[in-house]
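Next come the chains, spelled out residue by residue.
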Amino acid sequence: MKIFWLLMLLLTGCSTAPQPDRTFPPQLQSASTRPTILISSSDLLPGDLLLSSATSPQSWGIRLFTLTGVSHAAIYLGDEQVAEAVGSGVKIIPLNHAIDESNNLLVLRVPGMTSDQMLRLREFADLQQGKKYNFKGIVMFMPFMVSRRLCELPLVNEEVRSACLTALARLQLADVDDPQANRFFCSEFVLAGYRHAGIELLQGQANWVSPADLLHLRDGDVSAWQTQQNMQYVGHLKRWDLKEILSLRSANRQAR
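Predicted model only: the values in this text are computed from it and were never measured.

**Student:** Can you walk me through the state of the cysteines in this structure?
**Tutor:** Covalent bonding between the sulfur atoms of two cysteines defines a disulfide. Across all of its chains, the model carries 1 disulfide by this definition. Linked covalently through their sulfurs, C151 and C164 form a disulfide whose S-S length is 2.0 Å. What sets the handedness of the C151 and C164 disulfide is the S-S torsion sign, and at about -65° it is left-handed. Taken together, the residues span a long stretch of sequence, with C151 in the loop between α5 (135-147) and α6 (158-172) and C164 in helix α6 at a distance of 13 residues. Residue classification places C151 among the buried positions, given a relative accessible area of 3%.

And the structure:
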């Protein structure tokens, strides 16, 4: 049985963590984004992390590279507003726009976030609004998403895995003093925002982290990076519904 589990882990090639009560099978990193709770906007709190996907080729590409169901990260600011970094730059948009632009949207929360930390997140979003998108950073990040799998082989412990990722990132990705430092891609913006608020989620520079890395910070999952702060799953604001997507596409074609 142990040989069976070892073969399965080598085939999946994802991060693992030992179970507290036994050696095999270890806990596997979960790519699942299936909803267990459906929530409304009234359940949100300022500082909540929004992770989503869409039906665009870019979204499918990011999900394929990261082996998860999310491709975008944003921060809920309160008052039905969301801060995000997209191709047009850093902006603050209405929550309903963020929901409309996604086909799957889940919410994670830092437990015990203070009102001061929430205000500092808002301050960060206001300060960065209008900054340009980090196109150079995302282009450099794509090869890293492939090569980093070498560090995430099954049965590698968290400390060794994180050290390997750090060494590889320093070789492949721009340094903190890179001229693109005032530009952001989505997960880079989110991690930088939490750090501005005094919340350390994980080790590593902000431009080393993908939406998938943020997803794996949820309780019950396995983070590739050494975790500083786990996050609670709050629920889904929108769930992936194939029938709904196909019906909308059909309606759009008929309208044309």
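After that view of the structure, there is still more to cover.
**Student:** Would you mind showing me how to read the sheet that holds strand β4 (residues 72-78) here?
**Tutor:** Two strands in a sheet stick together by hydrogen bonds in their backbones, pointing the same way (parallel) or opposite ways (antiparallel). What the 6 strands build is an open sheet, ordered β6-β5-β4-β3-β7-β8; its pairing is antiparallel. Of all strands in the sheet, those bounded by a partner on one side alone are β6 (89-94) and β8 (232-238). Sheet twist, expressed as the mean angle between neighbouring strand axes with direction ignored, is 30°. By the bridge criterion, 3 bridges tie β4 to strand β5 (residues 81-86) in an arrangement that is antiparallel. Its bridge partner being in β5, I75 is matched across the sheet by A83. On top of the sheet, helix α7 (residues 186-196) reaches β3 (49-53), β4, β5 and β6; it is set at about 40° to β4, its chief contact.

Calculation notes
Residues numbered from 1 in each chain as written. Predicted model: local features only at pLDDT ≥ 70, side-chain atom pairs only at ≥ 80, totals over all residues. Heavy atoms only, no water. Disulfide = S-S within 2.5 Å. Helix = DSSP H or I, 4+ residues; strand = E, 2+ residues; numbered from the N terminus. Buried < 20%, exposed > 50% of the residue type's maximum accessible area, 1.4 Å probe, protein only. Pairing = 2+ DSSP bridges. Axes fitted to C-alpha atoms, helices over the stretch in contact; angles between N-to-C directions. Contact = heavy atoms within 4.5 Å.

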